[in-house]
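What the coordinates show
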Amino acid sequence: MAKRNGRQTSRKVASQASRIMRDGRYGTAAKTVAASALAQTKPSSKK
């Protein structure tokens, strides 16, 4: 079984990644990296 990665993306990096995902000026490679960073964030506690 694969070892689980316990590291999480910081709030600052997640914010920048979110901005990249919403901005049409960035290319596919940048959005792929941003999506990967967002996939490693902690789930939001907002309800």
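These notes cover the structure that comes with them. Counting starts from 1 at the beginning of each chain's written sequence and moves along it residue by residue. Where totals are concerned, whole chains, interfaces and linings use all residues; where local detail is concerned, this predicted model gives features only for residues with pLDDT of at least 70, and gives and counts side-chain atom pairs only at 80 or more. Heavy atoms from the whole structure form the basis of all side-chain values; hydrogens and water molecules are not counted.

Section: the packing of helix α1 (residues 11–22) against helix α2 (residues 28–39)
Filter applied, for reference: Note on method: axes are straight lines fitted to C-alpha atoms, helices fitted across the in-contact stretch only, with angles between N-to-C directions ranging 0 to 180 degrees. What counts as a helix is a DSSP run of H or I of at least four residues, what counts as a strand is a run of E of at least two, and both are numbered from the N terminus. Roughly parallel means an angle under 35 degrees; roughly antiparallel means over 145; roughly perpendicular covers 65 to 115; every other angle is labelled oblique. Handedness of each helix crossing follows the sense of rotation of the near helix against the far helix: counterclockwise by less than a right angle gives left-handed, clockwise gives right-handed. Residue contacts are counted whenever heavy atoms from the two residues lie within 4.5 Å of one another. Three classes are used, and their members are as follows: Ala, Val, Leu, Ile, Met, Phe, Trp, Tyr, Cys and Pro are nonpolar, Asp, Glu, Lys and Arg are charged, and the others, Gly among them, are polar.
The interhelical angle for the contact between α1 and α2, taken along N-to-C directions, is 140 degrees, at an axis separation of 9 Å. Our classification of the angle between α1 and α2 gives oblique. Considering the relative orientation of α1 and α2, their crossing is left-handed. Packed against α1, whose contacting residues are Val 13, Ala 14, Ala 17, Ser 18, Ile 20 and Met 21, the element α2 presents Ala 30, Lys 31, Ala 34, Ala 35, Ala 37 and Leu 38 at the interface. Here the residues of the contact of α1 with α2 sort into ten nonpolar, one polar and one charged.

A closer look at the side chain of Thr 9
As a reminder of what qualifies: Throughout this description, buried means an accessible area under 20% of the type-specific maximum (1.4 Å probe, protein chains only), exposed means over 50%, and partly exposed covers the range between. Polar contacts, as counted here, are pairs of nitrogen or oxygen atoms within 3.5 Å of one another; within protein the pair requires one atom able to donate a hydrogen and one able to accept it, and residues that are adjacent in sequence qualify only if both atoms are side-chain atoms.
On the secondary structure map, Thr 9 appears in the segment before α1. Since its relative accessible area comes to 16%, Thr 9 is described here as buried. Looking at Thr 9, its side chain comes within polar contact range of the main-chain oxygen of Ala 37, at 2.8 Å. Residues in contact with Thr 9, not counting those within four places in the same chain, are Ala 14, Ala 37, Gln 40 and Thr 41.

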